[in-house]
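# Structural description and commentary
Now for the letters of each chain:
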Amino acid sequence: MSGTVTTMARHALISASGVSKVYRMGDQTVRALDDVSLEIGAGEFVAIMGPSGSGKSTMMNLIGALDVPTSGVLSIDGRDISSLSSDELAVLRNRTIGFVFQQFNLLARTPALRQVMLPLLYANPKPSDAEGLARRRLAQVGLADRLDHHPRQLSGGQQQRVAIARALVGNPKILLADEPTGALDSRTSAEIMQLFCDLNAEGITIVIVTHEPDVAEYALRKIVFRDGRIVEDKPQSGFQRRAAE
Amino acid sequence: MSILDSLSVALSALRTNLLRSVLTTLGIIIGVGSVIVMVAVGSGATSEIDRQIASLGSNMLVVYPGASRVAGRSAGAGTRLPLAERDLQAIREKVPRVMAISGYLQGNAPVVFGNMNWTTQIGGVHDQYLTVRDWPLAEGREMTSQEVSTGARVAVLGSTVAEKLFGAGDPIGMDFRITNVPFKVIGVLTAKGQSSFGRDQDDIIFVPITAARGRIVGRSQVVNDQVGQIYVKLEPGASLEEAQEEMETVLRQRRRIRPGTEDDFNVRNLAEFLKARTAALSTMGWLLGATSAISLVVGGIGIMNIMLVSVTERTREIGLRMAVGGRRRDILTQFLVEAVSLSLLGGVIGIVIGVGGAAIVAISAEWPILINAEAVMVAMAAAAMTGIVFGFFPARRAALLNPIDALRSE
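Residues numbered from 1 in each chain as written. Chains lettered and ligands numbered in written order. Predicted model: local features only at pLDDT ≥ 70, side-chain atom pairs only at ≥ 80, totals over all residues. Heavy atoms only, no water.

When helices and strands are tallied, chain A shows nine helices and ten strands. For 245 residues, the compact-globule estimate of 2.2 N^0.38 gives 18 Å, and the C-alpha radius of gyration of chain A, at 18 Å, lies within 12% of that figure. Across the 245 residues of chain A, 53% fall into the buried class. Of all intrachain contacts in chain A linking residues separated by at least 6 positions in sequence, the fraction that spans at least 24 positions is 67%. Accessible surface for chain A amounts to roughly 11,200 Å². Of this, 48% is attributable to carbon and sulfur atoms. (Helix = DSSP H or I, 4+ residues; strand = E, 2+ residues; numbered from the N terminus. Rg over C-alpha atoms; globule rule 2.2 N^0.38 Å. Buried < 20%, exposed > 50% of the residue type's maximum accessible area, 1.4 Å probe, protein only. Contact = heavy atoms within 4.5 Å. Areas by Shrake-Rupley, 256 points an atom, 1.4 Å probe, with all protein chains shown as cover.)

Structure (structure tokens):
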């Protein structure tokens with residue numbers, strides 16, 4: 001029995017088992033996640049969907065090691081995040097997870113190259129060729145000629161590409177995107193999603209949280225949350241991707 | 001994250017709000033500036049006192065005649081009894097540890113050499129006078145005790161007089177006249193410069209006191225061997241206070257002053273007098289010290305305030321840094337480094353202003369400009385400490401932010 005569990009845990013990059021998250025707001029308690037279990041393996045492309053208040057953002061915070069569950073076990077890359085200190089969580093985020101946000105979250109008045117180097121400044125040991133790594137990632141997202149541009153000099157789509165390069169620079173196992181196309185027009189959205197598909201094809205695990213069905217269609221697996229529980233979890237063809245190709 | 005990386009982040013953040021940064025450091029600027037000025041004024045004043053005491057002659061007491069007069073007391077003849085050779089003898093013999101002693105009989109007289117003439121101060125002195133005053137000769141020789149006892153007409157010139165009468169020529173051995181009495185130059189003194197009262201100390205001629213008496217300085221009605229003032233130099237390490245008491249006792253006995261009556265002479269310690277006069281300057285130093293302490297506190301609060309604003313403005317950035325792997329201590333370090341950079345920026349500007357201020361004070365008080373490296377270092381350390389102390393609270397607040405809330409903030 002225990003052998004089976006170990007094997008499963010080793011293969012699953014993200015593993016949630018009986019996870020609940022309870023917030024206390026005044027004298028009310030809000031059960032944002034209620035006994036959720038799920039596994040995401042290496043190389044998957046998952047879309048997490050659900051209306052606001054469904055618990056999908058809470059789930060994303062847990063997968064991103066930004067928060068820990070109230071009860072249950074959530075493991076990332078084989079480590080139970082409840083057992084980690086806040087510094088150990090920071091190291092886990094630095095090495096294992098790349099974040100992409102709806103509002104890009106780029107630093108003001110900072111050139112693209114330095115934006116992308118940011119996670120490497122916190123890495124230990126700090127890579128010797130941080131600038132080279134950042135340069136390569138910017139080239140990978142198609143911004144090789146925008147190294148010195150500040151966010152204000154870039155379009156929305158370009159800013160999100162810088163953010164994706166930043167998420168990738170530390171060579172993480174998981175790319176975690178929270179509404180990555182929420183601030184973009186539909187054409188740019190499609191380009192960004194295509195970039196995610198290409199990255200996934202190269203082997204990186206991608207988890208996208210979104211409420212847009214169009215965006216979710218790019219993923220190969222869709223998990224739908226409602227009232228803190230998973231109501232749907234099924235593989236899908238990802239036809240949007242092929243349609244775009 | 002290394003300190004160097006933190007520093008580069010901090011500097012670019014400060015550059016972004018350059019005007020705000022500089023204004024914030026105003027308190028630190030004033031604090032550090034006044035530390036520099038305070039120390040410079042303090043050490044300038046001390047060195048000035050030392051210089052004046054040295055030019056006066058160290059370990060020296062002066063006896064003045066008849067200075068003590070109480071209102072209501074009759075000004076009888078005995079109350080203005082001048083000091084005489086016998087008083088000087090008594091001090092030389094009865095007061096222990098006297099190294100050198102001389103009378104000083106002062107007058108003003110016209111002096112003539114060829115077609116040059118000049119009016120100057122004449123000092124009738126004993127042979128030990130230059131020893132008492134620690135006043136070295138530039139050339140020639142001092143007068144001998146024999147010249148003093150015989151009333152030889154020889155003169156030692158102050159450098160100003162030597163220049164006025166003889167110009168570039170060599171005055172040694174030359175004959176000149178003081179109020180029509182011929183004198184021979186035997187020595188020229190080194191320049192002493194201005195006294196603490198602004199008088200040119202080198203505008204003077206010294207002659208044997210016996211030669212001055214009657215010829216240059218009027219003869220006293222009461223005693224025929226008056227010596228004016230008596231300058232006494234004590235051996236190194238001798239207590240001036242004890243010597244002063246001894247001298248008073250000896251003079252009271254010799255001048256037959258009954259117990260309970262006022263002295264008809266006055267023994268003064270000029271060095272003490274000068275120190276008291278410059279005490280006002282050290283009070284100014286203390287005031288500046290208080291100013292700098294208050295300014296550093298006010299400056300520190302300014303820095304704390306602006307750092308709190310900065311943390312609030314950059315909450316999202318802090319959240320992002322945490323998300324990409326910044327640990328709490330990285331965030332803490334970053335904001336501490338920023339606060340310290342801010343206070344050191346103020347420190348550097350303060351030093352520049354302080355050095356300028358010290359120079360202005362030094363020039364107007366005619367002191368040497370004394371900026372000591374320790375004061376600069378202490379001031380910088382004080383600025384850095386201010387940054388650490390007052391930057392800690394905002395930095396800690398940043399470090400303890402919840403990354404989720406921070407990322408969500410507007």
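Moving on, we come to the sheet that holds strand β5 (residues 79-80) of chain A. Residue and element names in this part refer to chain A. The four strands lie next to each other as β2-β1-β4-β5, forming an open sheet whose pairing is antiparallel. The outermost strands of the open sheet, each flanked by one partner alone, are β2 (28-41) and β5. Of the pairings in the sheet, the one linking strand β4 (residues 71-76) to β5 comprises two bridges and is antiparallel in character. Within the sheet, the bridge partner assigned to Ser75 lies in β5 and is Asp80. Its contacts with the sheet place helix α2 (residues 56-63) against β1 (12-25), β2 and β4, and it is angled at close to 60° to β2. (Pairing = 2+ DSSP bridges. Axes fitted to C-alpha atoms, helices over the stretch in contact; angles between N-to-C directions.)

Burial analysis of α2 of chain A places seven of its eight residues in the buried class, which makes it a mostly covered element. Immediately downstream of α2 of chain A, the backbone of Ala65 of chain A shows phi near 60°, a positive value.

With that out of the way, let us pick up the interface of chain B and chain A. Counting residues at the interface gives 22 residues for chain B and 22 residues for chain A. When the area that chain B buries against chain A is broken down by residue, the three leading residues are Leu320, Val324 and Ile404 of chain B, summing to 28%. Counting the contacts that link chain B with chain A gives two salt bridges. The salt bridge involving Asp5 of chain B is made with Lys126 of chain A; its shortest N-O contact spans 3.0 Å. At the boundary of chain B with chain A, the tally comes to seven residue pairs in polar contact (both at pLDDT 80 or more). Every element with two or more residues in the side of chain B that touches chain A is listed here: α1 (3-16), α11 (315-323), α12 (328-365) and α14 (403-408) of chain B. Per element, the largest residue contribution to the side of chain B that touches chain A is six residues, and it comes from α11 of chain B. (Buried area = accessible area lost by both parts, 1.4 Å probe. Salt bridge = Lys/Arg side-chain N within 4 Å of Asp/Glu carboxyl O. Polar contact = N/O pair within 3.5 Å; in protein donor to acceptor, adjacent residues only side chain to side chain.)

The next point concerns the packing of aromatic side chains. Geometrically, a pair of aromatic rings is defined through the distance of the ring centres and the angle of the planes. Counted according to the given criterion, the structure contains nine aromatic pairs over all chains. Note on Phe99 of chain A and Phe101 of chain A: the rings are 5.8 Å apart at their centroids and 5° apart in plane angle, and the pair reads as stacked. Residue classification places Phe99 of chain A among the buried positions, given a relative accessible area of 4%. For the ring pair Tyr129 of chain B and Tyr231 of chain B, a centre distance of 5.6 Å and an interplane angle of 70° mean the geometry is edge-to-face. Placement of Tyr129 of chain B in helix α5 (residues 129-132) and of Tyr231 of chain B in strand β9 (residues 229-234) is noted, with a sequence separation of 102 residues between them. On the basis of relative accessibility, which here comes to 1%, the residue Tyr129 of chain B falls in the buried class. Taken together, Tyr104, Tyr129, Trp135, Phe206 and Tyr231 of chain B form an aromatic cluster joined through their ring pairs. For the cation-ring pair, Lys192 of chain B lies above Trp135 of chain B, with the distance from its terminal atom to the ring centre recorded as 5.0 Å. Over the ring of Tyr64 of chain B we find Arg268 of chain B, and its NZ or CZ is 4.8 Å from the ring centre. (Phe/Tyr/Trp six-rings, centres within 6.5 Å; stacked < 30°, edge-to-face > 60°. Lys NZ or Arg CZ within 6 Å of the ring centre and 35° of its normal.)

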